[in-house]
Structures are given as structure tokens and as C-alpha cells.
Amino acid sequence: MATPAFKFEIVGLKETMDALEQLPTLSMKKTVVRNALKKAAIPIKDRAKENAQGIKIDNPGVIAESVKIGTSLKKSQRGRTERDRVTVYVGSSHPLAHLFEFGTAERYKKSGAYTGYIPPMPFMREAWDSKKKVSLDILKEELWKALEKAAKLLAKKAAKGTLTAKQRAGLLR
């Protein structure tokens, strides 16, 4: 029997987007979202590290230790990005991690010698499947915390009269 599709409902998205729009600069908006995404990714990273501990390789634990949260990819992995988009990645930087995640077909050397195959051991996919709901809850909570913090900071700067011209222009929209 097929696994049912992942379903979720975002409550308060309009209010969250309205609150984000109140921030005066694109940089401030992106920082709020990026920080919330990084915190929301922690349960996925932790589960992926747990899952990767069982991968048998010459140096056990090396793939698990390579699982990180990041905001950029290597040049060879990048596609076209938009300036106003915020992206956070969770993954392994180990050069063999993808072979364990997806598995390989039977492999042979040029001489014809059989070298075996690797069955799929989806440590990242399982981490996402098991922790996505927890991560979405954390994202919701962290976004609101960050928005409240940013609002307090702006109010404090406004009271002191230390808002930058860009911040003043953004608040006056």
C-alpha cells in the first residue's frame, strides 16, 4: 500500500507575510527568514546524523559528521538564484554520501572485474520524512520570535532616532 502524501496546513501565513512586509529592508526580511529556517532545520540534521551512523565505510561516522546546515552550495551544485529568495540546505558534504543515499547499480572495472553494488540507505530522505512536521512547527514559532525581536529593535532605534535612511524609508511606505 502506498504511503499517503505529506499534508500540512499553514495557519497564519497571511499574518506572517504581512508582518514580514513591515520590515523596512530586504536584508532584514531575509535575515529573519534565514535564521528561522536554520533553527527549523536542526531536527532534520540531527536525525540524518543518527541515520548515517549505521553506514558502513572505512571510517565509520565520517558521513554522519559531514551532515551540516548551510546557506550556499558549491559552484557545481548551484542553479540560478533570485536575489530576494532565502534558501537553507541540509545535507552531507562527503563525496560518497549520494552513493549511500540513492544506492548504485552493479559496478565493474574496465578489466571486467566485478566491484559490487551499494543498496540505497536513504539517511537524508528518512530524516526529512520523519522530522518535517516538527521542523514546520519550529519554523512557525521561530519566525514569530524573530519578527517580534526585529520589531522591538526597530522601535528602540526609532525612539533613539538612530534609524538609517533606508530603514526610515521602509517604515514610511
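Throughout this description, residue numbers start from 1 for each chain and increase along the sequence as written. With the structure being a predicted model, the display of local features is reserved for residues of pLDDT at least 70 and the display and counting of side-chain atom pairs for 80 or more, all residues being used for whole-chain, interface and lining totals. Just so you know, side-chain values use all the structure's heavy atoms and leave hydrogens and water out.

## Notes on the nonpolar core
The definition of a nonpolar core used throughout is a set of buried Ala, Val, Leu, Ile, Met, Phe, Trp, Tyr and Cys residues joined through side-chain atoms within 4.5 Å. Using a 1.4 Å probe on the protein chains alone, a residue whose accessible area is under 20% of its type maximum counts as buried, one over 50% counts as exposed, and one in between counts as partly exposed. In this structure, Ala48, Ala52, Ile55, Ile63 and Phe123 are the most contacted members of the largest nonpolar core, which totals 13 residues. Strands are runs of DSSP state E lasting at least 2 residues, helices are runs of H or I lasting at least 4, and numbering of each runs from the N terminus. Residue assignment for this core shows that the elements contributing at least two residues are helix H2 (26-52), helix H3 (62-65), helix H4 (97-102) and helix H5 (123-160). Ignoring any residue separated from it by four or fewer positions in sequence, one finds isoleucine 55 in contact with Ile63, Phe100, Met121 and Phe123. Met28, Val32, Leu139 and Leu154 belong to the second largest nonpolar core, which has twelve residues in total. Two residues qualify as a contact provided that any one of their heavy atoms is within 4.5 Å of a heavy atom in the partner residue.

## Observations concerning the layout of surface pockets
As a volume, the largest pocket reaches approximately 940 Å³. Along its surface, the largest pocket is lined by 35 residues, and Tyr89, Val90, Gly91, Ser92 and Met124 are the ones closest to its centre. Of all the secondary structure elements, the ones that give two or more residues to the lining of the largest pocket are H2, strand E1 (67-70), strand E2 (89-92), H4 and H5. Considering each element in turn, the lining of the largest pocket owes the most residues, eight residues, to H5. Of the residues contributing to the lining of the largest pocket, the split by class is 18 nonpolar, twelve polar and five charged. A pocket here means an open set of points on a 1 Å grid, computed over the protein atoms alone, that has protein on both sides within 12 Å along at least five of seven lines. A cavity is instead a set of points where a 1.4 Å probe fits but cannot get out; residues with an atom within 4 Å of a point line either one. Grid points are joined across faces, edges and corners, and a volume is the space filled by probe spheres set on the points. Note that Gly is not counted as nonpolar here; it falls among the polar residues with everything else outside the nonpolar set of Ala, Val, Leu, Ile, Met, Phe, Trp, Tyr, Cys and Pro and the charged set of Asp, Glu, Lys and Arg.

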